[in-house]
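Descriptive analysis of the structure
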Amino acid sequence: MKNSALVVMDLQNDITKNYREIMENVNAAIALAVQKELHIVYIRHHNLSDGTRTFKPGTHGAELVPEMQVVSDHIFTKSKSNALTSEAFAAFLKEHGIAEVYLAGADAAACIKSTCLNMAKAGYTVCVLSDCITSYDKKKLPEMLSYYESKGCSVLTLGEVAKRENTNWRTATHDDR
């Protein structure tokens, strides 16, 4: 699994709507990724637009949410929806020969959508963890899941991934690290 990565996107303090609902699953995904020796990457968004009120670099709102387990120093910053626009993140993927990514985080209708599409176009195998993503508008989630699949990405729950890997993801969260 060394050529795989869990990519957790934009779970920052300025994401105030709905993210707490997925945190147990996101932390379970992180624990499973540790157990399976995947690279674990965190992407944070910095809004560089003039007059912005959210995701401003250097503010509390731009920091990763405190509820999230941060188990690696692989934290990359982007200023556009697509995570591949972070040159450091793209270089990390190349340097480590990562060909498969599991996506978690927010927002399903924006940054997850753009990253999913662009990573698939770039030849990565992409799996969106459907119970580890959220959106400001949760009514859009079913539409987004269909969209991801239409672009060649797989959509699985964390439990389905764990079953495929022959692991109980619920017990993975209690690993001693």
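These numbers were taken from a predicted model, which means no experiment stands behind them.

Judged by nonpolar contacts, the single largest core of 30 residues is most densely connected at L6, V8, L11, V26, I30, M68 and L129. Counting only elements with at least two residues in this core, the list comes to β1 (4–9), α1 (23–35), β2 (39–45), β4 (100–105), β5 (125–133) and α5 (158–164). Once residues within four sequence positions are removed from consideration, V26 is found in contact with V8, L11, M68 and C132. By size, the runner-up hydrophobic cluster in this structure holds 27 residues, among which are V41, V101, L141 and C153.

Mapping S4 onto the fold places it in strand β1. Engagement of the side chain of S4 in a polar contact is seen with the side chain of E100, the distance being 2.6 Å. If sequence neighbours within four positions are ignored, S4 has contacts with L38, H39, I98, E100 and Y102.

The next subject is the environment of G152. As for its position among the elements, G152 is in the loop between α4 (141–150) and β6 (154–156). In this structure G152 comes out as exposed when scored by relative accessible area, which is 63%. On a C-alpha basis, the gap between G152 and P57 in space is 33 Å, while along the polypeptide they are 95 residues apart.

Moving on, we get to helix α2 (residues 87–95). An α-helical turn contains 3.6 residues, so any two residues separated by three or four positions project in the same direction. Here α2 has its buried residues at F89, F92 and L93. The arc that holds the buried residues of α2, viewed along the axis, is 100 degrees, so those residues lie on one side. When the buried face of α2 is taken as reference, the exposed residues oriented beyond 90 degrees from it are E87, K94 and E95. Elements that come into contact with the buried residues of α2 comprise β1, β2, β3 (75–78), β4 and α3 (111–121). Remark: G97 follows α2 within two positions and exhibits a positive phi of approximately 60 degrees.

A few words on unusual backbone geometry. Look at the link from A106 to D107: it is a cis peptide, with omega at -15 degrees. With respect to the helices and strands, the residue D107 is situated in the loop between β4 and α3. Not every positive phi belongs to a glycine, and D10 is a case in point at roughly 60 degrees. Following the sequence through the fold, D10 ends up in the loop between β1 and α1. Unusually for a residue other than glycine, E37 sits at a positive phi of about 60 degrees. Mapping E37 onto the fold places it in the loop between α1 and β2.

Reading the values: the criteria
- Residues numbered from 1 in each chain as written.
- Predicted model: local features only at pLDDT ≥ 70, side-chain atom pairs only at ≥ 80, totals over all residues.
- Heavy atoms only, no water.
- Core = buried A, V, L, I, M, F, W, Y, C linked by side-chain atoms within 4.5 Å.
- Buried < 20%, exposed > 50% of the residue type's maximum accessible area, 1.4 Å probe, protein only.
- Helix = DSSP H or I, 4+ residues; strand = E, 2+ residues; numbered from the N terminus.
- Contact = heavy atoms within 4.5 Å.
- Polar contact = N/O pair within 3.5 Å; in protein donor to acceptor, adjacent residues only side chain to side chain.
- Arc of directions from axis to C-beta.

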